Amino acid sequence: MAQKGVQLDREAFSCSICLDLLKDPVTVPCGHSYCMNCIKSHWDKEDEKTIYSCPQCRQTFTPRPVLVKNTMLAVLVEELKKTGLQAAPADHCYAGPDDVASCKSCLNVCSRHDEVMKMFCRTDQQSICYLCSVDEHKGHDTVSAAVERSERQRELEVSQQNIRQRIQDREKDVKLLQQEVEDINGSADETVGNSEKIFTELIRLMEKRRSDVKQQVRSKQQTEVSRVRELQEKLEQEITELKRKDAELEKLSHTEDHNQFLHNYPSLSPLSESTHSSSIKIRPLRYFEDVTAAVSEVRDKLQDVLREKWTNISQTVTEVDVLLSEPEPEPKTRAEFLKYSCDITLDPNTAYTRLLLSDGNRKVTAMRAQQSYSSHPDRFTDWWQVLSKESLMGRCYWEVELRGGVCVAVTYKNISRAGLSCECLFGRNDKSWALDYYNNSYYFWYNKVSTPVSGPQSSRVGVYLDHRAGILSFYSISETMTLLHRVQTTFTQPLHAGLGTTASIHGACTKTTRLPAPPQRPT
């Protein structure tokens, strides 16, 4: 290792651009030295940028520095040349048993030319020596290893900055997700607590009403039983008195002495006033049945409310958003649609009076005769239409079997019901969307605008609703599903399924529409 000091001295007087001893050395403002021509050529390439940089430390200068020959450095270089030690012989660069970690230049020597690889070929992306640059790499884009390292170092720093920024961003996302977990847990706990409180209040109210009914019935029972028993005792006393009087008369009637009979007869006590039978009112055997009927009516109405509102509650829970969650893709096949199938039943309180509901309120048939429906404010008074009991939120899918002219619709609950106005008719207002099937043709209606729809005819139509995404689609169902019409809008309220016959529109009768049994969801 005797030449190590000289070798290092030589490297100190080498140009980092051409990697040779300095020729006409100049020193730039940052302190690094280069050959006059090398640094001029390098800066000539940067003229268009108007900002000049040192190839080693990348310090920038504006304006372009004036280059002046460094005479002291030039003298030293000339003295170095005179010594003849322009390069350390390769065989002087060796490592002994104790020098393995100290002779690092041996690890970067060109195997072909036995020269230190201080250059880099950008064309072939490999380290080379000076002789390689004028031999097999002649004409390639070559720079000093220091320059290439500087460029790659800058890219590395940019990449490192990007990585560190991404780490910070992901750490923020993790914190957000952790906060989201805490918020979800907190909201869920609060909601469960509030729900428990509300249901407890409802149960207490029901218990109180049950107790009130029981108390009132028992009180009435006691009053009526007391009244009846009082009358019963009075009648029993009268019977006892009558029997006693009958015995006296019987005894007198057997008196043989006429004078004795006539003497005793006036002394008989007169009969007390008899209880008239008309004062005893026997009621039919249905004393408290009306109470049972009234309680049953409350139960039925409560069940209807719970059934309708429960759908909203359940779907609201399903629609809870989680940060960074990805939206589910829209279904493509019938099997995928069936994952969202919902059970639709028709509400008799909304049905037009000439519509017959059957099959558990899943089938509607247009009839000539009026049906025995009670009066209800939700009923369609003039149009042959009916709504579902269930309100629809989230993603829902159902199918309708068609018989004759049929209208398949969705509508807000606040659609008008009374009269022949278009405000009451599916698709003829801004509260409802309807697909009419008539004379083997489809027509889509919204806000009084009709759009002819082409598609294969089928006895079954599928309806897909994504309330949150504002998507409503109608499909013709046979062996495959064919899209008939698709709506993209914004729904501002829960929706109800609607069915109607086109009898009132086109003068036809005895048309039937059926909601098939809800298809089984795939497991």
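Keep in mind it's a predicted model, so treat the numbers as computed, not measured.

Peer 1: Would you mind going over the overall build of the protein chain with me for this structure?
Peer 2: Of the regular secondary structure elements, the protein chain holds nine helices and 20 strands. Among the 523 residues that make up the protein chain, the fraction classed as buried is 31%. As displayed, the protein chain has an accessible area near 33,500 Å², and 53% of this comes from carbon and sulfur atoms.

Peer 1: Any chance you could explain the sheet that holds strand β7 (residues 142-144) here in plain terms?
Peer 2: Within a sheet, adjacent strands bond to each other through the backbone by hydrogen bonds, running parallel or antiparallel. Sheet architecture is open: three strands sit in the order β6-β5-β7, paired in antiparallel fashion. Only two strands of the sheet have a single neighbouring strand rather than two, namely β6 (126-128) and β7. On average, adjacent strands in this sheet sit at an angle of 35° to one another, irrespective of strand direction. Strand direction decides the pairing type here: strand β5 (residues 119-121) and β6, joined by three bridges, are antiparallel. Following the sheet pairing, Cys121 is matched in β6 by Gln126.

Peer 1: What am I meant to see in the packing of aromatic side chains here?
Peer 2: Given two aromatic rings, their pairing is described by the distance between the two centres and the angle made by the two planes. Under the criterion given, the structure shown has 14 aromatic pairs. A centroid spacing of 5.4 Å and a plane angle of 35° characterise the contact between Phe337 and Tyr397, whose relative ring orientation is tilted. With Phe337 in helix α8 (residues 334-338) and Tyr397 in strand β11 (residues 395-403), this residue pair connects regions lying 60 residues apart in the sequence. For Tyr397, a relative accessible area of 1% corresponds to the buried category. In textbook terms, an aromatic cluster arises when at least three aromatic residues are bridged by ring pairs, as seen for Phe337, Tyr340, Tyr397, Tyr464 and Tyr475. A cation over a ring is seen here: Arg417 above Phe380, with NZ or CZ 5.3 Å from the ring centre.

Peer 1: Can you walk me through a nonpolar patch on the surface in this structure?
Peer 2: A cluster of nonpolar residues, Ile198, Phe199, Leu202, Ile203 and Leu205, forms a patch on the protein surface that exposes about 460 Å² of accessible area. By the secondary structure assignment, Leu205 is in helix α5 (residues 145-253). Under the relative-accessibility criterion, Leu205 is labelled partly exposed at 40%.

Peer 1: Please clarify how the pattern of salt bridges should be interpreted in this entry.
Peer 2: When charged atoms on two side chains of opposite charge get close, those side chains can pair. The full count for this structure, using the stated rule, is 29 salt bridges. Two residues, Glu155 and Arg152, come together in a salt bridge whose shortest N-O distance is 3.1 Å. Taken as a pair, Glu155 and Arg152 lie in helix α5 at a separation of three residues, close to a single helical turn. In this structure Arg152 comes out as partly exposed when scored by relative accessible area, which is 34%. When salt bridges with common partners are traced through the structure, they connect Arg122, Glu148, Arg152 and Glu155 into a single cluster.

Peer 1: Whenever I open this one, the sheet that holds strand β13 (residues 432-438) confuses me. Can you help?
Peer 2: The strand order across the open sheet built from six strands is β10-β19-β12-β13-β14-β15, with neighbouring strands paired in antiparallel fashion. The sheet terminates laterally at β10 (385-392) and β15 (449-453), the two strands that pair on one side only. Averaged over all neighbouring strand pairs, the angle between strand axes comes to 20°, with direction disregarded. Across seven bridges, the pairing between strand β12 (residues 406-412) and strand β19 (residues 495-501) is antiparallel.

Peer 1: Would you mind going over helix α3 (residues 71-82) with me for this structure?
Peer 2: Every α-helix carries 3.6 residues per turn, so stepping three or four residues along brings you back to the same face. The end-to-end C-alpha distance of α3 is 17 Å, a good match for the 16 Å that twelve residues give at a rise of 1.5 Å each. Of the positions making up α3, those classed as buried are Leu73, Ala74, Val77 and Leu80. Along the long axis of α3, the arc covered by the buried residues comes to 120°, so they all point the same way. Turned more than 90 degrees off the buried face of α3, the exposed positions are Thr71, Met72 and Lys82.

Peer 1: Whenever I open this one, the environment of Pro65 confuses me. Can you help?
Peer 2: By secondary structure assignment, the location of Pro65 is in the loop between β4 (60-61) and α3. Residue classification places Pro65 among the buried residues on the basis of a relative accessible area of 17%. Separated by 22 residues in the primary sequence, Pro65 and Trp43 place their C-alpha atoms 9.8 Å from one another. Apart from residues no more than four positions distant in its own chain, Pro65 is found in contact with Pro29 and Trp43.

Peer 1: Explanation requested: the nonpolar core in the structure shown.
Peer 2: One broad rule of soluble globular proteins: the nonpolar side chains tend to lie buried together. Of all hydrophobic cores here, the largest spans 37 residues; its most connected members are Trp398, Trp433 and Leu472. Not counting residues within four places of it along the chain, the set of residues in contact with Trp433 comprises Val408, Ala409, Val410, Tyr412, Phe444, Trp445, Tyr446, Leu472, Val487, Thr489, Phe491 and Leu495. Grouped together as the second largest cluster of nonpolar side chains are 20 residues, Val28, Cys38, Tyr52 and Phe61 included.

Peer 1: How should I be thinking about α5 in this particular structure?
Peer 2: Under the 1.5 Å per step criterion, the end-to-end length of α5 is 155 Å for 109 residues, consistent within 8% with the ideal 162 Å. Taken together, the buried positions of α5 are occupied by Val147, Glu148, Ser150, Glu151, Glu180, Glu224, Glu238, Lys245 and Leu252. Next to the buried residues of α5 lie β5, β7 and α6 (258-264).

Peer 1: Looking at this structure, how should I read the UniProt feature "coiled-coil region" (unreviewed entry) in the protein chain?
Peer 2: When the UniProt feature table is mapped onto this chain, "coiled-coil region" (unreviewed entry) is found at residues 160-187 and 218-255. Strand forms 0% of residues 218-255 and helix 95%; the C-alpha atoms that close the span are 56 Å apart.

Peer 1: I keep staring at the pairing of strand β17 (residues 471-477) and nothing clicks. Help me out?
Peer 2: It is a general feature of regular strands that their side chains alternate between the two faces of the sheet. The element β17 is extensively covered by neighbouring structure, given that seven of its seven residues are classed as buried. Every second residue of β17 is oriented toward a common face, with Ile471, Ser473, Tyr475 and Ile477 on one face and Leu472, Phe474 and Ser476 on the other, all of them buried. The sheet contact formed by strand β16 (residues 460-466) and β17 spans six bridges and is antiparallel. Among the inter-strand pairings, Leu465 is bridged to a residue of β17, identified as Leu472. The turn linking β16 back onto β17 is made up of four residues, and Gly470 within it adopts a positive phi angle of 70°. Here β17 runs beside strand β18 (residues 481-488); their pairing, made up of seven bridges, is antiparallel. Looking across to β18, one finds that Leu472 is bridged to Val487.

Calculation criteria
- Along each chain, residues carry numbers from 1 onward, in the same order as the chain's sequence is written.
- With pLDDT at 70 or above as the cut-off, local features in this predicted model cover only qualifying residues; side-chain atom pairs require 80 or more to be listed or tallied, and sums for whole chains, interfaces and linings still use all residues.
- Computation of side-chain values covers all heavy atoms of the structure but excludes hydrogens and water.
- Numbering goes from the N terminus for both helices and strands, where a helix is a DSSP run of H or I of at least four residues and a strand is a run of E of at least two.
- Accessible area is worked out with a 1.4 Å probe on protein chains only. A residue is then buried under 20% of its type maximum, exposed over 50%, and partly exposed in between.
- Shrake-Rupley sampling with a 1.4 Å probe provides the accessible areas, and residues are treated as covered by the protein chains on show and by no other component.
- Whether two strands pair comes down to DSSP finding at least two bridges between them.
- To get an axis, a line is fitted to the C-alpha atoms, and for a helix only the part in contact is used. The angle between two axes follows their N-to-C directions and goes from 0 to 180 degrees.
- Any pair of Phe, Tyr and Trp rings, taking the six-membered ring for Trp, is counted once the centres come within 6.5 Å. Such a pair is stacked with planes under 30 degrees apart, edge-to-face with planes over 60 apart, and tilted for the rest.
- As a reminder, the over-ring test applies to NZ of lysine and CZ of arginine, requiring each to be within 6 Å of the ring centre and within 35 degrees of the ring normal.
- The patch calculation keeps residues exceeding 30% relative accessible area without a salt bridge and links them within 9 Å when they carry like charges or within 5 Å when they are nonpolar (Val, Leu, Ile, Met, Phe, Trp, Tyr).
- One speaks of a salt bridge when a side-chain nitrogen belonging to Lys or Arg is within 4 Å of a carboxyl oxygen belonging to Asp or Glu.
- Here the expected length of a helix is defined as 1.5 Å per residue gap, with one fewer gap than residues.
- An arc is given here, and it is the one of the directions from the helix axis to the C-beta atoms.
- The contact definition used throughout considers only heavy atoms, calling two residues in contact when any of these lie within 4.5 Å.
- Note on terminology: a nonpolar core comprises buried Ala, Val, Leu, Ile, Met, Phe, Trp, Tyr and Cys residues joined through side-chain atoms within 4.5 Å.
- UniProt positions are given in the numbering used here, feature names are shortened, and annotations may be inferred rather than shown by experiment.

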